[in-house]
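# Coordinate inspection notes
One letter stands for each residue in the lines below.
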Amino acid sequence: MALHFEKAEFASRLARLTEKMKEEKLDALLLFAQESMYWLTGYDTFGYCFFQTLVVKSDGTMALITRSADLRQAEGIPRSSRTSISGSTGSMPTRRST
C-alpha cells in the first residue's frame, strides 16, 4: 500500500498528536475510527467494519491490532522500529514487528 502523503507529513502528524497527548497527560490513545487511523498513517482497509484499533503511546510507539486478513495492507503503513502490527484469525494471534 502506498503512503498517501510524504513521510515528513506523517512525522509532523505524529509529533502533533503526541504533543497534544502529553499536554492532556495521556499515556496512550486508542484509535478505533478508520478515519483517524487513515489521517495519522494513511492506513486504508476494506476491513473497517471489523474490530481493529491503533494504539498510539505518548512516546510515538504504535501498535495496530487488526484481523489477519488485513495484515498485508497494514504492512504499508509508515512505522519505525517502535511499531508493531498484530493480527488474529480468531484463535492464534500473528505478530509482526519492524
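Residues numbered from 1 in each chain as written. Predicted model: local features only at pLDDT ≥ 70, side-chain atom pairs only at ≥ 80, totals over all residues. Heavy atoms only, no water.

With that out of the way, let us pick up the packing of helix α1 (residues 7-23) against helix α2 (residues 34-41). Between α1 and α2, whose axes approach to 8 Å, the crossing angle comes to 120 degrees. The pairing of α1 with α2 is recorded here as oblique in orientation. Listed contacts from α2 to F10, R13, L14, R16 and L17 of α1 are Y38, W39, L40 and T41. (Axes fitted to C-alpha atoms, helices over the stretch in contact; angles between N-to-C directions. Helix = DSSP H or I, 4+ residues; strand = E, 2+ residues; numbered from the N terminus. Parallel < 35°, antiparallel > 145°, perpendicular 65-115°, else oblique. Contact = heavy atoms within 4.5 Å.)

Owing to its 3.6 residues per turn, the α-helix aligns residues three or four sequence positions apart on the same side. When we look at burial in α2, the residues that qualify are Q34, M37, L40 and T41. Viewed along the axis of α2, the buried residues span an arc of 135 degrees, placing them on a single side of the element. Following α2 by one or two positions, G42 adopts a phi angle in the positive range, close to 80 degrees. (Buried < 20%, exposed > 50% of the residue type's maximum accessible area, 1.4 Å probe, protein only. Arc of directions from axis to C-beta.)

Bringing the confidence of the model for the protein chain into the picture now. Of all residues in the protein chain, 58% attain a pLDDT of 70 or more, and the chain-wide mean is 75. Element-level mean pLDDT values for the protein chain span from 48 in strand β5 (residues 93-97) up to 94 in strand β1 (residues 28-31). Here residues 89-94 is a poorly scored stretch, pLDDT under 50, and it has 8 contacts once near neighbours within four places are set aside; other chains count. (pLDDT = per-residue confidence, 0-100.)

Residue placement: T18 occurs in helix α1. T18 gets classed as buried once you look at its relative accessible area, which sits at 10%.

Looking now at the nonpolar core. It is characteristic of soluble globular proteins that their nonpolar side chains tend to be buried jointly. L14, L31, M37, L40, L54, V56 and M62 are the most contacted members of the largest nonpolar core, which totals 13 residues. Secondary-structure elements contributing two or more residues to this core are α1, α2, β2 (53-57) and β3 (62-67). In terms of residue count, α1 provides more of this core than any other element does, 4 residues in total. (Core = buried A, V, L, I, M, F, W, Y, C linked by side-chain atoms within 4.5 Å.)

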